[in-house]
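If you want the building blocks of each chain, they are given just below.
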Amino acid sequence: MEYGLIGEKLGHSFSGLIHEKLAGYPYMLCPLEKNELDGFLRRKEFRGINVTIPYKRDVIPYCDELDESAKRIGVVNTIVNRGGRLIGYNTDFDGFLYSIRSHGVQMRDKKVIILGSGGTRHTITAVAEHLGAREILVASRTPDKHQGAGQPVISYADCEHHFDAEIIINATPKGMYPHNGEQGVDLSIFTACEAVFDVIYNPMKSRLLQQAEEMGILAVNGLEMLVAQAKFAAEKFLGSPIPDGRITEICRDIRLDVCNISFIGMPSCGKTLTGQALARYIDKEFVDTDAVIVERAGMPIKEIFDKYGEAYFRALEHDVIAELSKETRRIIATGGGAVKDVENIRNLKQNGMVIFLDRDLDKLVSTADRPLSSSKDAVAMLYRQRYPLYLSSADLRVENNYEEEQLRREDMDALMHEILEGYREIIGTQWA
């Protein structure tokens, strides 16, 4: 191969897509077992490679030369083959530095806590030192093992004694797919926190970042760092500059490509019809949470309610939403009561946006197969109870008062246009 990525597990890597967008060259994902690494590097059958977990230190003995960042940090993530001589670089340093600066975060004289004592923390520490952080602490599950390695190493339990930390950086895989929802610390203890960075980009918003946003704290995921380090690596590969503006463009393109669109709203508001139509407009898979529940339970929703009660159904619904929302490139239609569980909304928002499909009460219909909306009075009561939840849960409200049996092509086009314009604005711009 000419260019590519080596590491142990590369199944969910965006690197191929990023490099092809950056420079147009073919870029291969090359998973290697530990016993394959030596032969690969000795053969030198590449022009340039990136290196990821767990080989960023293992590749150093094979390099004939290291740049200053790689020497200082002791980690290599980029290798260029120059006539048989392997030159090692650390473009992760440049990538994280770019992310810090692009969000206007000032580290000088700030107290920083880095979560995680693995290899990534060395790069993050080097950036924090470069930017003049006043104090840098590393939180580890095994603090005794890492004492004397540079920065003070504390346990996660000890973090509560450092509630005055102003910048928190997660350098662990905690909360990364498929372990969505996990987080290393509770941010509520950090009363002076100004910014939270997470090297994770799958999901797009880890639970740590979601909590930061709920607290009004700047929250930045690892996508920008990933794209920026790839840009700096591509410059090493090609020996020519690439405009920084490409980082912003590619991050936007990736978010629009992978992020989900989820619909909430009253029963009979048109979530399924609209979601199915939207899937014909854009390249995303449509899934209906109620349909998945019915398939797995082997019975209609009304029968689930009659036999086991609403609490049982809500538990099924929670599990299905948690599972479906882990994946990306999806359009998800939810049941009318999904908003009653705040965890459902958090799960839906980890990889995309939530749209409230709002239909006027007089256009909503009651049906016998919907246990909580089987009469007009029941529909009206649910509408009053849930309307505030729909509004507070949604990133965007879209009216859908079209008559389904009379829905003209131009009406559908207008509805799709409104949804996609909101999607591009929120995911493409506001999520930057």
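Our structure's up above, just so we're on the same page.
Caption draft 1: The arrangement of the sheet that holds strand β17 (residues 396-399) in detail. Spatial ordering of the open sheet is given by β14-β15-β13-β16-β17, a layout of 5 strands whose pairing is parallel. Each of the sheet's edge strands pairs with one partner strand only, and the pair in question is β14 (285-288) and β17. Between one strand axis and the next, the sheet turns through 25° on average, direction left out of account. Taken together, the 4 bridges between strand β16 (residues 352-358) and β17 define a ladder with parallel strand orientation. In the strand pairing of β17, F356 is matched with R397.

Caption draft 2: Summary view of the packing of helix α12 (residues 301-308) against helix α13 (residues 310-324). Two numbers describe how α12 lies on α13: the axes approach to 7 Å, and their chain directions differ by 130°. Taken together, the axis directions place α12 and α13 in an arrangement best described as oblique. Contact with α12, carried on its side by I301, I304, F305 and Y308, involves E310, Y312, F313, R314 and L316 of α13 and no other residues of that element. Among the residues making up the contact of α12 with α13, the classes are represented as 7 nonpolar, no polar and 2 charged.

Caption draft 3: Structural context of helix α2 (residues 34-43). The complete set of buried residues in α2 reads L37, F40 and L41. Down the axis of α2, the smallest arc covering the buried residues is 90°, so these residues share one side. Opposite its buried face, α2 presents the exposed residues N35, R42 and R43, each directed more than 90 degrees away. The inward-facing, buried residues of α2 abut β1 (3-7), β2 (27-31), β3 (48-51), β5 (78-82) and β6 (85-89). Taken from the residues just after α2, K44 is the one with a positive phi, measuring 55°.

Caption draft 4: Representation of the nonpolar core within the structure. Counting residues in hydrophobic clusters, the biggest one holds 78 residues, and the most contacted among them are F14, I18, L223, I254 and L278. Residue contributions to this core peak at 9 residues, all from helix α8 (residues 223-238). For F14, the residues in contact, after removing those within four places along its chain, are Y201, M204, L223, L226, I254 and V258. In terms of nonpolar packing, the next biggest core, distinct from the first, is built from 24 residues, V75, F93, I114 and A128 among them.

Caption draft 5: Just the sheet that holds β2, in detail. With respect to topology, 6 strands assemble into an open sheet ordered β2-β1-β3-β5-β6-β4, the strand pairing being mixed. On the outer flanks of this sheet lie β2 and β4 (65-66), each paired with one strand and no other. As paired strands, β5 and β6 are joined by 5 bridges and run antiparallel to one another. By the bridge assignment, I79 is partnered in β6 with G88. Each of β1, β2 and β3 touches helix α1 (residues 15-23); the most contacted strand, β2, lies at about 160° to it.

Caption draft 6: Broad picture of the environment of I113. Relative to the elements of secondary structure, I113 occurs in strand β7 (residues 111-115). Note: C-alpha distance between I113 and E135 (22 residues apart in sequence) is 8.3 Å. Discounting residues that sit within four places of it in the chain, I113 has contacts with L137, A139, H162, A165, I167, I168, I169 and F190.

Caption draft 7: Geometry of the pattern of salt bridges. Following the criterion strictly, the structure yields 32 salt bridges and no others. Here K110 and E194 are joined by a salt bridge, their closest N and O atoms 2.9 Å apart. Here E194 lies in the loop between β10 (167-170) and β11 (195-198) and K110 lies in the loop between α4 (91-102) and β7, a separation of 84 residues in the sequence. E194 sits in the partly exposed class, given a relative accessible area of 41%. The closest approach of N and O atoms between E343 and R346, which form a salt bridge, is 2.6 Å. Taken together, the residues E343 and R346, both in helix α14 (residues 342-349) and 3 residues apart, mark about one turn of the helix. Here the salt bridges share partners, and the residues they tie into one network are R207, E214, E343 and R346.

Caption draft 8: Looking closely at the packing of aromatic side chains. One pass over the full model with this rule turns up 11 aromatic pairs. Both rings, one in Y3 and one in Y25, keep their centres 4.3 Å apart while their planes meet at 35°; by these two values the pair is tilted. Note that Y3 is positioned in strand β1 and Y25 in the loop between α1 and β2, a separation of 22 residues in sequence. The class of Y3 is buried, set by a relative accessible area of 3%. What makes Y25 buried here is its relative accessible area of 7%. Judged by centre distance (5.5 Å) and plane angle (5°), the ring pair of F40 and F46 falls under stacked. Considered together, F40 and F46 belong to a single accessibility category, that of buried residues. Here the guanidinium or amino end of R72 rests over the ring plane of F93, the centre of that ring lying 5.3 Å away.

Caption draft 9: A look at the side chain of R386. On the secondary structure map, R386 appears in helix α15 (residues 376-393). For R386, which is buried and forms no salt bridge, the nearest opposite charge comes from E310, at a distance of 5.1 Å.

Caption draft 10: Fine view of helix α7 (residues 207-214). Among the 8 residues in α7, 6 count as buried, and that is most of the element. Of all the positions in α7, only R207, L208, L209, Q210, Q211 and A212 are classed as buried. In this structure, the buried side of α7 is in contact with β7, β10, β11, β12 (218-220) and α14. A positive phi of about 80° marks G216, the residue just after α7.

Cut-off values and rules
Residues numbered from 1 in each chain as written. Predicted model: local features only at pLDDT ≥ 70, side-chain atom pairs only at ≥ 80, totals over all residues. Heavy atoms only, no water. Pairing = 2+ DSSP bridges. Helix = DSSP H or I, 4+ residues; strand = E, 2+ residues; numbered from the N terminus. Axes fitted to C-alpha atoms, helices over the stretch in contact; angles between N-to-C directions. Parallel < 35°, antiparallel > 145°, perpendicular 65-115°, else oblique. Contact = heavy atoms within 4.5 Å. Nonpolar A, V, L, I, M, F, W, Y, C, P; charged D, E, K, R; others polar. Buried < 20%, exposed > 50% of the residue type's maximum accessible area, 1.4 Å probe, protein only. Arc of directions from axis to C-beta. Core = buried A, V, L, I, M, F, W, Y, C linked by side-chain atoms within 4.5 Å. Salt bridge = Lys/Arg side-chain N within 4 Å of Asp/Glu carboxyl O. Phe/Tyr/Trp six-rings, centres within 6.5 Å; stacked < 30°, edge-to-face > 60°. Lys NZ or Arg CZ within 6 Å of the ring centre and 35° of its normal. Lys, Arg positive; Asp, Glu negative; His and termini not counted.

It is worth stressing that arrangement in space is one thing and function is another; only the former is reported here.
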